[in-house]
Amino acid sequence: MKFSDMTYTRPDLEAAKADISAYTGELKAAGCYEEAKAAFLKLQELYRHLYTAYTLATVRHTIDTRDTYYDEEARFMAENMPLLREAQQDFQKALLECPFRPDFEAEYGTLFLKNMEMELKTFIPSIVPQMQRENALTLDYEKLIASAQIPFEGGVYTLSQLTPFKQDADDDRRRAAWEAEGRFYLEHGEELDALYDELVQVRTRQAREMGYDNYVELGYYRMSRNSYTKEDVEKFRAAVVKYLVPAAEQVVKAQAKRLGKEYPLNFADAALFYRGGNAVPQGGPDDILAQGVGFYHDLSPETAEFIDFMMDGELLDVLSRTGKAGGGYCTDIPDYRSPFIFANFNGTQGDVEVMTHEAGHAFAAYMARDMVPMENQSPTYESCEIHSMSMEFFAWPWSEKFFGPQADKFRYKHLSDAITFIPYGTMVDHFQHIVYENPDMTPAQRHEAWKELLGVYMPWMKLGEIPFYGDAKGWQRQSHIYERPFYYIDYCLAQTVALEFWNLMQSDRADAWKRYLGLVKLAGTRTFTELVASAGLDTPFGDDALRTVSAAALRWLEQVDPATLA
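Every residue gets a number counted from 1 within its own chain, in the order that chain's sequence is written. Two thresholds apply to this predicted model, a pLDDT of at least 70 for residue-level local features and 80 or more for giving and counting side-chain atom pairs, whereas whole-chain, interface and lining totals are computed over all residues. As a convention, hydrogens and water are excluded, and side-chain values are obtained from all of the structure's heavy atoms.

A.B. asks: What exactly am I supposed to notice about the overall build of the protein chain here?
C.D. replies: Check the secondary structure of the protein chain and you find 25 helices and 5 strands. Over its C-alpha atoms the protein chain spans a radius of gyration of 23 Å, differing by no more than 12% from the 24 Å that the globule rule assigns to 566 residues. C-alpha atoms of the protein chain, sized along the principal axes, occupy 75 × 50 × 45 Å. Taken over 566 residues, the protein chain has a buried fraction of 58%. Throughout, a residue-residue contact means that at least one pair of heavy atoms, one from each residue, lies within 4.5 Å. Within the protein chain, counting contacts between residues at least 6 apart in sequence, those at least 24 apart form 77% of the total. Accessible surface is estimated by sampling points in the Shrake-Rupley manner with a 1.4 Å probe; for residues, cover comes only from the protein chains shown. Just so you have it, the protein chain exposes about 21,900 Å², and 50% of that area is on carbon and sulfur atoms. Neither His nor the chain ends is counted toward charge; the positive residues are Lys and Arg and the negative residues Asp and Glu. Note that the charge is assigned to NZ on lysines, CZ on arginines, CG on aspartates and CD on glutamates. Between the mean site of the 57 positive side-chain charges and the mean site of the 87 negative ones, the protein chain shows a separation of 3 Å. Secondary structure elements are defined from DSSP: runs of H or I of at least 4 residues count as helices, runs of E of at least 2 residues count as strands, and each element is numbered from the N terminus. Radius of gyration means the value over C-alpha atoms here, while the globule rule gives 2.2 Å times the residue count to the 0.38 power. Each residue's exposure class comes from its accessible area (1.4 Å probe, protein chains only) as a fraction of the maximum for that residue type: buried when under 20%, exposed when over 50%, partly exposed otherwise.

See below:
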């Protein structure tokens, strides 16, 4: 079925709450496993319907944030879905205490119940009003960013549409684009500070009402950290500073030399990787999609079937438009057994990266769409990002199709970006730990904390010169900081694993794909550390993974012919 034909109906949440309570009663009264399982499967069906409605409302809202109908529906879902949590929690408790729990574990595995135990630590009924306020604030942030209309060279652009100008090879034009974008954020600086301040406070109140010292522990439970701890993340940070920051400095120093610029680079100059301009895809959005179809057809039978399903169902919305929310994502629509990809193509290298990245998510969702229970269809977020970030590297042999004669420039920058990204992403996570451990910080103190972290994780960036970014306020454009606390480290952990897959591809591509496909097929039945081990890879929490991939990446970069990097 095509996405446009999928029907959205606002769910009757009072009836849904009554149904959940009824199924809880049936579970408690069950005299055998089959009766208990029947109640469980009824709830699964209800959840599929509810999640489908939520997803359709949210996706159609992000496609056009000016659409008043779906804006209202998205806000209705954000405000009212938390009202189901108490009834959901009662069912979860009944299931965990059920005498037939061993039977559920035997049929569906133990992990979904372990995750359920963790989820119980994220909610008490009294925090519902604060959860509703949190949801409303994140929608306000999303709408503010989507509203950007930035005057530039006689035109008016969204943030995504401005991106090509921010990478222009002409120094003056590129800098002017960065300054234009910076002015937008500075003009809304007080509003952005106020939104984030209230988000920090409302999350902190939820945590303290539940008995936690601050939001960090609650945030980890909400992210289902089921196989590593805050201390493990701190070890990862230390390894990033030890191995990745020096490697990234080498990458940026080489970039500065190519550009004829002084090191460190300002934000505008850092956006230009080659003096002759960054690699750009051949053709427009339709051409990129067509080459993507060819890539997935060539890659494997499984990916060929997947991409045909996506294209036939018109399950990709990739054009950047006025009023469209920023960024990109993949989600799934359970009643229609369909993933959905949202993106903002803008004529840059990122179009190919988002095509392969989000399709990596979608492919994993497609492979797992019939698994029961729904909780087993997807692993935790850092594992989901392995699916996407590794898929970007599996697309390397098809770079000529996407970029033509600029394929080498693309590959060189793509690998370089992976090396420089991990320190940035780790900094985003470290910043959030500081903020939520010190929730009464002023906006000025938050900006100062970001400035100090830039010196640790990104010493190649020069402050000053560029408005907003040079003022150490650039964290405000990172939507995850507002919308998804503690998500960003997931990208860094996954990028480390993806680089391990990339390293394997250099010697045995078929073996790398076999390991990747095996990991994908496990879906959400294993923890992150178990999935990494299943592929025979090193955990990111020790020194080995980052030491190995940084050295391998630098060796690869050093052997590239400089003549191809003009």
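A.B. asks: Please explain the sheet that holds strand 4 (residues 329–333) as it appears in this structure.
C.D. replies: Ordered in space as 3-5-4, the 3 strands form an open sheet in which the pairing is mixed. The outermost strands of the open sheet, each flanked by one partner alone, are strand 3 (316–319) and strand 4. Averaged over all pairs of adjacent strands, the angle between strand axes in this sheet comes to 15°, irrespective of strand direction. Where strand 4 lies against strand 5 (residues 338–345), 5 bridges are found, and the strand directions are antiparallel. Within strand 5, the residue paired with Tyr329 across the bridge is Phe342. The sheet strands contacting helix 2 (residues 33–63) are strand 3, strand 4 and strand 5, and the helix crosses strand 4 at an angle near 145°. Two strands form a pair only when DSSP identifies at least two bridges running between them. Lines fitted to C-alpha atoms define the axes, with helix axes restricted to the stretch in contact, and inter-axis angles between N-to-C directions lie between 0 and 180 degrees.

A.B. asks: Please clarify how the packing of helix 5 (residues 101–108) against helix 6 (residues 111–119) should be interpreted in this entry.
C.D. replies: Angle between the axes and distance between the axes: these two values describe a pair of packed helices. Contact geometry for helix 5 and helix 6: axes closest at 8 Å, N-to-C directions at 120°. In terms of their interaxial angle, helix 5 and helix 6 are classed as oblique. Here helix 5 contributes Arg101, Phe104, Glu105 and Tyr108 to the contact with helix 6, which in turn contributes Phe112, Leu113 and Glu117. Residue polarity is assigned by list, with Asp, Glu, Lys and Arg as charged and Ala, Val, Leu, Ile, Met, Phe, Trp, Tyr, Cys and Pro as nonpolar; anything else, Gly included, falls into the polar class. For the contact of helix 5 with helix 6, a count of residues per class yields 4 nonpolar, no polar and 3 charged. For classification, angles of less than 35 degrees are called roughly parallel, those exceeding 145 degrees roughly antiparallel, those between 65 and 115 degrees roughly perpendicular, and all remaining angles oblique.

A.B. asks: Looking at this structure, how should I read the UniProt feature "domain: Peptidase M3A/M3B catalytic" (unreviewed entry) in the protein chain?
C.D. replies: UniProt positions are given in the numbering used here, feature names are shortened, and annotations may be inferred rather than shown by experiment. Under the UniProt annotation, the feature "domain: Peptidase M3A/M3B catalytic" (unreviewed entry) is placed at residues 166–259 and 315–548. Taken end to end, residues 166–259 has its terminal C-alpha atoms 15 Å apart, with 82% of it in helix and 0% in strand. End C-alpha atoms of residues 315–548 are separated by 38 Å, and the span's content is 58% helix alongside 7% strand.

A.B. asks: Just checking my understanding: could you explain helix 14 (residues 285–299) for this structure?
C.D. replies: One full turn of an α-helix is made of 3.6 residues, so residues set three or four places apart face in the same direction. Look at helix 14: 21 Å from first C-alpha to last across 15 residues, which is about the 21 Å you get at 1.5 Å a residue. Here helix 14 has its buried residues at Ile288, Leu289, Gly292, Val293, Phe295, Tyr296 and Leu299. Across the axial projection of helix 14, the buried residues extend over an arc of 160°, all falling on one side. By this rule the span expected of a helix is its residue count minus one, scaled by 1.5 Å. This arc describes the spread of directions from the helix axis toward the C-beta atoms.

A.B. asks: Looking at this structure, how should I read the environment of Ala304?
C.D. replies: Relative to the assigned elements, Ala304 resides in helix 15 (residues 301–312). Once residues lying within four places of it in the same chain are set aside, the contact partners of Ala304 are Tyr296 and His297.

A.B. asks: How should the pattern of salt bridges be read in this particular structure?
C.D. replies: Opposite charge on two side chains makes pairing possible when the charged atoms of those side chains draw close. Salt bridge criterion: a side-chain nitrogen from Lys or Arg within 4 Å of a carboxyl oxygen from Asp or Glu. A complete count under the given rule lists 41 salt bridges for this structure. For Glu179, the salt bridge identified is with Arg175, shortest N-O distance 3.1 Å. Here Arg175 and Glu179 lie together in helix 9 (residues 171–187), a separation of 4 residues that amounts to about one turn. Glu179 sits in the partly exposed class, given a relative accessible area of 22%. In this structure, the salt-bridge partner of Asp408 is Arg411, at a minimum N-O distance of 2.9 Å. Taken together, the positions of Asp408 and Arg411, both in helix 19 (residues 407–437) and 3 residues apart, correspond to about one turn of that helix. What makes Asp408 partly exposed here is its relative accessible area of 35%.

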